[in-house]
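Coordinate analysis (summary)
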Amino acid sequence: MAKKKEVVIVDEELTPTVLKTIKEKKGSVIWLIIIFAIFVAVVIYLPDITVYIDEYLNPEVTTPVVPSTPDNSDDDTDDTDTEVVKYELVQGLQIVEGDISLSNFSITDNQISFAITNNGTEMLDFSELNYFLELYNANNMLLQRIMIADALVSAGSTTNVTYDLTDTNVSTVSFLEITEEGYPSHTLTPDENGNATLTCVKNYETVNYLLNDNKVYSIEDVFVVSATDANYSTLYSSYQALASTYNTIGGIDSTVTVENNVLTFRTDINLSTVTEGSFNNIIYYPRDTDAKVMSFELEANGYTCN
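Bear in mind that the values here come from a model prediction, so they are computed numbers and not experimental data.

**Observations regarding the layout of surface pockets**
- One number sums up the size of the largest pocket: a volume of about 1,100 Å³.
- Contributing to the lining of the largest pocket are 35 residues, with S127, M147, A149, I282 and N301 lying nearest its centre.
- Taken together, the elements giving at least two residues each to the lining of the largest pocket come down to β7 (142–147), β9 (158–164) and α3 (291–299).
- Looking at the lining of the largest pocket residue by residue, the classes come out as 15 nonpolar, 12 polar and eight charged.

**Here we look at the state of the cysteines**
- A full pass over the atoms with the stated rule returns one disulfide.
- The partner cysteine of C200 in its disulfide is C305, sulfur to sulfur 2.1 Å. Between C200 and C305, the S-S torsion sits near 115 degrees, and that sign places the bridge as right-handed. On the criterion of sequence distance, the pair formed by C200 in strand β11 (residues 195–202) and C305 in strand β16 (residues 304–305) is long-range, its members being 105 residues apart. A single burial state applies to C200 and to C305, both of which are buried.

**Details of the sheet that holds strand β3 (residues 100–108)**
- Strands sit in the order β2-β3-β4-β9 across an open sheet of four strands; the sheet is antiparallel. The open sheet terminates on both sides in strands that have one partner only, identified here as β2 (95–97) and β9. Strand-to-strand twist of the sheet, defined as the mean angle between neighbouring strand axes without regard to direction, takes the value 25 degrees.
- Judged from the seven bridges that link them, strand β4 (residues 111–118) and β9 form a sheet pairing that is antiparallel. Each bridged residue has a counterpart across the sheet, and for I116 the counterpart in β9 is T159.

**Description of the sheet that holds strand β1 (residues 87–88)**
- Sheet architecture is open: four strands sit in the order β1-β10-β6-β7, paired in antiparallel fashion. Two strands lie at the open edges of the sheet, namely β1 and β7, each paired on one side alone.
- The pairing of strand β6 (residues 131–136) with strand β10 (residues 172–177) spans six bridges and is antiparallel. Counterpart to L135 in the pairing with β10 is V173.

**Concerning a nonpolar patch on the surface**
- Taken together, the side chains of I30, I34 and I38 present a nonpolar region at the surface, about 270 Å² in accessible area.
- A relative accessible area of 52% places I30 in the exposed class.

**Examining the pairing of β3**
- Relative to β3, β2 runs antiparallel, the two sharing three bridges. Bridging across to β3, I95 finds its partner in L102.
- In this structure, the hairpin formed by β2 and β3 is closed by a connection of two residues, where G98 is found at a positive phi of approximately 65 degrees.
- For β3 and β4, the ladder comprises seven bridges, and the chain directions are antiparallel. Looking across to β4, one finds that L102 is bridged to I116.

**What to know about α3**
- A large share of α3 lies buried, amounting to eight of its nine residues.
- Every buried residue belonging to α3 is among A291, K292, V293, M294, S295, F296, E297 and L298, and all of these are buried.
- A side-chain oxygen of the first residue of α3 lies 3.0 Å from the backbone nitrogen of K292; this N-cap is D290.

**Focus: the pattern of salt bridges**
- Applying the stated criterion to the full structure yields four salt bridges.
- Between R145 and E134 there is a salt bridge whose closest N-O contact spans 2.9 Å. In this pair, R145 sits in strand β7 while E134 sits in strand β6, placing the two residues 11 residues apart along the sequence.
- By relative accessible area, R145 is classed as partly exposed at 23%.

**Details of the side chain of N208**
- Among the structural elements, N208 can be located in strand β12 (residues 205–212).
- The exposure class of N208 is buried, given its relative accessible area of 17%.
- Here T199 takes part through its side chain, which lies 2.9 Å from a polar atom of the side chain of N208.
- In this structure, N208 is in contact with T197, L198, T199, S218, I219 and E220, ignoring residues within four places of it in sequence.

**Some thoughts on the environment of Q91**
- Relative to the elements of secondary structure, Q91 occurs in the loop between β1 and β2.
- Looking at Q91, the relative accessible area reads 82%, which means it is exposed.
- In this structure the C-alpha to C-alpha distance between Q91 and F105, which are 14 residues apart in sequence, comes to 7.4 Å.

**Here we look at the pairing of β10**
- Burial analysis of β10 places five of its six residues in the buried class, the great majority of the element.
- Bridge count for β1 against β10 is two bridges, and the pairing is antiparallel. Across the sheet, Y87 pairs through a bridge with V173, a residue of β10.

The rules behind each value
The residue count restarts for each chain, going from 1 along the sequence in the order it is written. Local features in this predicted model are restricted to residues whose pLDDT is 70 or higher, and side-chain atom pairs enter the listing and the counts only when it is 80 or higher, whereas totals over whole chains, interfaces and linings include all residues. Side-chain figures throughout are based on the complete set of non-hydrogen atoms in the structure, without hydrogens or water. The rule is simple: put a 1 Å grid over the protein atoms alone, call a set of points where a 1.4 Å probe fits but cannot get out a cavity, call an open set with protein on both sides within 12 Å along at least five of seven lines a pocket, and count a residue as lining if it has an atom within 4 Å of a point. Grid points are joined across faces, edges and corners, and a volume is the space filled by probe spheres set on the points. The secondary structure listing takes helices from DSSP runs of H or I that are at least 4 residues long and strands from runs of E that are at least 2 residues long, numbered from the N terminus. When residues are sorted by character, Ala, Val, Leu, Ile, Met, Phe, Trp, Tyr, Cys and Pro go into the nonpolar class, Asp, Glu, Lys and Arg into the charged class, and all the rest, Gly among them, into the polar class. Cysteine sulfur atoms are paired as a disulfide whenever they fall within 2.5 Å. When accessible area is computed with a 1.4 Å probe and restricted to protein chains, residues below 20% of their type maximum are described as buried, those above 50% as exposed, and intermediate ones as partly exposed. When DSSP finds at least two bridges between two strands, those strands are taken to pair. Only the stretch in contact is used when fitting a helix axis, every axis being a line fitted to C-alpha atoms; angles between N-to-C directions are given from 0 to 180 degrees. Residues enter patches when they are more than 30% accessible in relative terms and free of salt bridges; like-charged ones are connected within 9 Å and nonpolar ones (Val, Leu, Ile, Met, Phe, Trp, Tyr) within 5 Å. The Shrake-Rupley method, run with a 1.4 Å probe, gives the accessible areas here. Residue values count only the displayed protein chains as cover. Definition used for salt bridges: Asp or Glu carboxyl oxygen within 4 Å of a side-chain nitrogen of Lys or Arg. Within 3.5 Å is the distance limit for a polar contact, defined as a pair of N or O atoms, with the added protein rule that one can donate a hydrogen and the other accept it, and that residues adjacent in sequence qualify only through two side-chain atoms. Whether two residues are in contact is decided by their heavy atoms: any pair within 4.5 Å suffices.

Written as structure tokens, this is what we have:
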């Protein structure tokens, strides 16, 4: 059994009895000051600390800014542009495009001549194709565009062709296929009924394409030659022969007249009744052909259209 501690009561005048003496340490006071300072600092900077903790726990997702790409959807075309390959017009020039080869280029007396070779196994009828020869001067300016539409080349053979030039200062040439979709638009101003006329002129000839909604429905082909012209007699005989041939075709009316010393050879083509393909002439186009086709192709055949 634990021994109890005996309490001794001193019978003396009342005096303070010290049960325990606590000795104060200087370090405790310093720590108290530091804690108080920290508390004050927390109170002062609590708003900033709260924002920092919130940003740390809930970071904001930032979407990177991507530079915008220009929208070229309205560009041409059409259109992805195809680079035109140009060749220096020098001796020995040969241009190869698929089974077609052009060579022996020559410019003489305001005309350009060259040979077309068919390296394929089938006949090439250029009237059914859309091949053009473009001519440029030394400043890279387009002088003339020639549509090769009158050549018929058998497989493995060569044909020579010649075309008139509007300018003989040819430095480079290109040979390319241009589809009707690639022709530039040519819209004429119609009257109140939607009718208009496309007129193409070359030498003695004037061709009028009667249009409705910019599409052809009839053709008027007129040659006019003065009696004083050096070719009058030859042309008169040729026109009479052609008129006789044309009048055998349904939908075509052709006449030759001489009035006031002027020879007029006129051929009217009703595209509603003529049989397509029965009239073999460069100025002929089927009904509803758009004006841009006649304009582009005839200008590439030496006509001036408006």
